[in-house]
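Next come the chains, spelled out residue by residue.
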Amino acid sequence: MPFRILGLDHVVYRVADANRAIQFYTVVLGCTLEREVEAFGLIQLRAGEALIDLVTLDGEIGRKGGVGPGCEGRNVDHIALRILPFDATAIFAHLDRHGVSHGDVAKRYGAEGFGPSIYIEDPDGNMVELKGPAEAPGAKDQPDG
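Residues numbered from 1 in each chain as written. Predicted model: local features only at pLDDT ≥ 70, side-chain atom pairs only at ≥ 80, totals over all residues. Heavy atoms only, no water.

Caption draft 1: Representation of the pattern of salt bridges. Applying the stated rule across the entire model yields four salt bridges. Here R20 and D124 are joined by a salt bridge, their closest N and O atoms 3.1 Å apart. Here the residue R20 occupies a position in helix 1 (residues 18–28), and D124 occupies one in the loop between strand 7 (113–121) and strand 8 (127–131), the gap between them amounting to 104 residues. Between E135 and K107 there is a salt bridge, with its nearest N and O atoms 3.5 Å apart. Here E135, found in the segment after strand 8, pairs with K107, found in strand 6 (residues 106–110); they are 28 residues apart in sequence, far enough to count as distant. What makes E135 partly exposed here is its relative accessible area of 37%. (Salt bridge = Lys/Arg side-chain N within 4 Å of Asp/Glu carboxyl O. Helix = DSSP H or I, 4+ residues; strand = E, 2+ residues; numbered from the N terminus. Buried < 20%, exposed > 50% of the residue type's maximum accessible area, 1.4 Å probe, protein only.)

Right under this line is the structure:
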């Protein structure tokens, strides 16, 4: 192989309301605003070592994607954000304070093996998985179902 993948660089979401999406990703998830390129309708948010790019539906990039996101017009299934610490009680309390509905904790497989995760949706219906650390060796073969 002439290269190896180091990790997730960025994900691009098309969003209906940039301010609402920025609020969600910065206030609820703790991302930071890295830069904006108004000419393209592009907002880039820092998510650890990766970026989450938001493009507005009416911006140059967003218009190229056709119909906006929704139950019938999604162009990404979900992204998974690796988080620490994974304290489900504290996470649920934080999400509830911000009016963000969430699923239950489930053991799911990720880049490091099986570990806890919670699914939430951003304001545009894009699915975000909050992924905790992998469990001890041997847990890789034991999903929740």
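Caption draft 2: Seen up close, the sheet that holds strand 6. With mixed pairing, the four strands of this open sheet are ordered in space as 5-8-7-6. In this open sheet, the two strands that pair with only one neighbour each are strand 5 (78–82) and strand 6. In this sheet, neighbouring strand axes are inclined to one another by 45° on average, regardless of whether the strands run parallel or antiparallel. Looking at chain direction, strand 5 and strand 8 are connected through five bridges and run parallel. Residue L81 lies in a different strand from strand 8, and its bridge partner there is L130. (Pairing = 2+ DSSP bridges. Axes fitted to C-alpha atoms, helices over the stretch in contact; angles between N-to-C directions.)

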